Amino acid sequence: MGKRIGLEVSLAVSEAVKMARVDAVAAYPITPQTHIVEELSQMVADGDLDADFIMVESEHSAMSACCGTSAVGARTFTATAAQGLALMHEILFIASGLRLPIVMAIANRALSAPISIWGDHSDVMAERDTGWIQFFAETGQEAFDLTIQAFKIAEDKRVLTPAAVNLDGFTLSHVIEPFDMPDQEEVDAFLPTFEPQVILDPDNPVTMGPVGFPEIYTEIKKQQNEALLGAHEVILEVWEEFEKAFGRAYRPVESYRTDGAEVLISIAGSTAGTARVAVDNMREAGKKVGLIRTRLWRPYPFEETRAAVKGAKAVAVIDRCLSFGGPGGPICSELRSALYPLPEKPVVNSYIAGLGGRDITLQDFYTVVEDTYRVLEEGPTDEYKMIGVRE
Amino acid sequence: MTNDKPTWKEYPMAATIHHPGSATGQNTGDWRSERPVRDDSKCDKCGICWIFCPDAALFMDEDGFYEVDLFHCKGCGICARECGKGAITMVEEGE
């Protein structure tokens, strides 16, 4: 069996990548992701990881190189954040469109301007529709586990779609947490060698990414979307297998004290830790409050989300991203869409908090829940509210 | 819509082409409105037309002249423009 150790979360992600026996890493450093690839670079330089580390001049090149290494059948990893992720934008579509099972860690960070190196989810939300499988980790252990799982899911021949593991910049990436670190043999037993279906091979040449005339483009996009939707079932399978092997359970939507809850807080990422304490305190004060946490973001877990909010009077969705000029937060929009067909559904309120590294405090959760009770009595007054903003 | 074209399930994943060179079967010659015609008395077989042809639609015959593959030639006229001897003239199709 493995051992229990304390480790910086970024370095634990690097360790997961090493234990996944990755063949190639192409990356460009950017805060707060840097420690992940810096450590991988060190591992390769020290001979502890038998992989090619490709140094590139930009994130656009990093993702392009990843497409190349994945296309020749190499298990491929990269990591980035914020502007770096934004610079990868067009190549993210190519990775998913070519069905290349690259795994990427995103140490979530706010987008400029103004320049912010601190955490929020605006970077990944801008890449929501790039066709990648997307997870949000709450804890370091989860970031470690999801990284290993992501390879197995992405490389499954029913899926063959790239996957991103989101971990909050600094508040998760840079903290030291306890880890149940598995043995290499345990990881090897769980994660088989990548067996690509089609590769670039001079002896058996193929053309990847040819022009898709109007006659076939729609069909190819349908193919791609079916693979992403089908990933849902594979993800559940892989999580079941993971639980059997490592004893940790993973679900698309995590629920906490939702039994008999009138108001549910919905959140993604590391802030769920604070949210749980807030829920405990409010429960102690007699308020029927629970928590749901989005772990799987793409493919969106419609059924699990509907089941998670069943019976609640209201859901207060806290997004760490503002959809400018839109309906509020992106997670809230998806939740509303998921609930819209239901004959009976809770009131759904959108709150924006934790932008650019601002803490989401216990008081912020109390404010959100109080406002949600007010809306239940008085009806909605705003499309969304920004929490903690100085008026 | 029903027709005899392949469904999304029938295409290779990501539209990958498993038999490269498939474009050689495409008759791009039917895009052409003008075709290059060579004057053998001016041509010195230098091959500049062959070098510049963007579609590899020229090939050397046994006498060393560069012949046009009209199945692929799109009639862009680059060969005529680059020819240092003025040996190639673009002639309208149908003439």
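See the structure above.
First things first, this report covers the structure right here in the doc. Given the structure is predicted, the values throughout are model-derived calculations rather than measurements. (Residues numbered from 1 in each chain as written. Chains lettered and ligands numbered in written order. Predicted model: local features only at pLDDT ≥ 70, side-chain atom pairs only at ≥ 80, totals over all residues. Heavy atoms only, no water.)

Section: the pairing of strand S4 (residues 76-80) of chain A
Residues and elements named next belong to chain A.
- Counting buried positions over the five residues of S4 gives five, a clear majority of the element.
- Here S4 shows a buried face lined by Thr76, Thr78 and Thr80 and a second buried face lined by Phe77 and Ala79.
- Both strand S2 (residues 24-27) and S4 contribute to a ladder of two bridges, which runs parallel. Counted as the bridge partner of Val25 is Phe77 from S4. (Buried < 20%, exposed > 50% of the residue type's maximum accessible area, 1.4 Å probe, protein only. Helix = DSSP H or I, 4+ residues; strand = E, 2+ residues; numbered from the N terminus. Pairing = 2+ DSSP bridges.)

Description of the pattern of salt bridges
All names here are of chain A.
- Counted by the stated rule, this structure contains 35 salt bridges over all chains.
- A salt bridge links Glu142 to Arg293; the shortest N-O distance between them is 3.1 Å. Of the two residues, Glu142 sits in helix H6 (residues 140-155) while Arg293 sits in strand S11 (residues 289-294), which places them 151 residues apart along the sequence.
- By relative accessible area, which is 6% here, Arg293 ends up buried.
- Notably, a salt bridge pairs Arg306 with Glu303, separated by 2.8 Å at the nearest N-O pair. On the criterion of helical spacing, the pair formed by Arg306 and Glu303 is a turn pair, its members being three residues apart in helix H10 (residues 302-309). (Salt bridge = Lys/Arg side-chain N within 4 Å of Asp/Glu carboxyl O.)

Things to note about a nonpolar patch on the surface
Residues and elements named next belong to chain B.
- A cluster of nonpolar residues, Trp50, Ile51, Phe52 and Ile78, forms a patch on the protein surface that exposes about 400 Å² of accessible area.
- By the element assignment, Phe52 lies in helix H1 (residues 48-52).
- In this structure Phe52 comes out as partly exposed when scored by relative accessible area, which is 37%. (Patch = residues over 30% accessible without salt bridge, like charges linked within 9 Å, V, L, I, M, F, W, Y side chains within 5 Å. Areas by Shrake-Rupley, 256 points an atom, 1.4 Å probe, with all protein chains shown as cover.)

Description of helix H11 (residues 330-339) of chain A
- Taking burial as the measure, the 10 residues of H11(A) include eight buried ones, the bulk of the element.
- Taken together, the buried positions of H11(A) are occupied by A:Pro330, A:Ile331, A:Cys332, A:Ser333, A:Glu334, A:Leu335, A:Ala338 and A:Leu339.

Regarding the packing of helix H3 (residues 59-71) of chain A against helix H4 (residues 82-97) of chain A
Residue and element names in this part refer to chain A.
- Across the interface, H3 lies against H4 with an axial gap of 7 Å and an inter-helix angle of 25°. On the basis of their axis angle, the class for H3 and H4 is roughly parallel. When the axes of H3 and H4 are compared, the crossing they make is right-handed. Across the interface between the two elements, Glu59, His60, Ala62, Met63, Ser64 and Cys67 from H3 touch Gly84, Leu87, Met88, Glu90, Ile91, Leu92, Ile94 and Ala95 from H4.
- Across the contact of H3 with H4, the residue classes break down as nine nonpolar, three polar and two charged. (Axes fitted to C-alpha atoms, helices over the stretch in contact; angles between N-to-C directions. Parallel < 35°, antiparallel > 145°, perpendicular 65-115°, else oblique. Left-handed = near helix turned anticlockwise from the far one by under 90°. Contact = heavy atoms within 4.5 Å. Nonpolar A, V, L, I, M, F, W, Y, C, P; charged D, E, K, R; others polar.)

Concerning the interface of chain B and chain A
- Taken residue by residue, the interface counts 13 residues in chain B and 17 residues in chain A.
- When chain B packs against chain A, the two sides together hide about 1,400 Å² of surface, and 72% of this comes from carbon and sulfur.
- Our count for the chain B to chain A interface comes out at one salt bridge.
- Here B:Lys5 ties to A:Glu215 by a salt bridge, and the two come within 3.6 Å at their closest N and O atoms.
- In this structure, the connection of chain B to chain A is made through five residue pairs in polar contact (both at pLDDT 80 or more).
- Broken down by class, the residue content of the side of chain B that touches chain A amounts to nine nonpolar, three polar and one charged. (Buried area = accessible area lost by both parts, 1.4 Å probe. Polar contact = N/O pair within 3.5 Å; in protein donor to acceptor, adjacent residues only side chain to side chain.)

A few points about the sheet that holds strand S13 (residues 314-319) of chain A
All names here are of chain A.
- Taken together, the six strands give an open sheet; going across it, the order is S9-S11-S10-S13-S14-S15, and neighbouring strands pair in mixed fashion. Looking at the sheet topology across the chains shown, the edges are occupied by strand S9 (253-256) and strand S15 (385-386).
- Pairing between strand S14 (residues 347-352) and S15: two bridges, direction parallel. Counted as the bridge partner of Tyr351 is Lys385 from S15.
- Sheet strands touched by H11: strand S10 (263-267), S11, S13 and S14. Its angle to S14, the strand with the most contacts, is close to 170°.

Some remarks on the environment of A:Leu11
All names here are of chain A.
- Looking at the secondary structure, you find Leu11 in helix H1 (residues 9-19).
- A sequence separation of 218 residues divides Leu11 from Leu229, and the C-alpha atoms of the two residues are 31 Å apart.
- Sequence-distant contacts of Leu11, defined by excluding residues within four places in its chain, comprise His35 and Glu39.

Take it as geometry only, folks, not as evidence of what the structure does.
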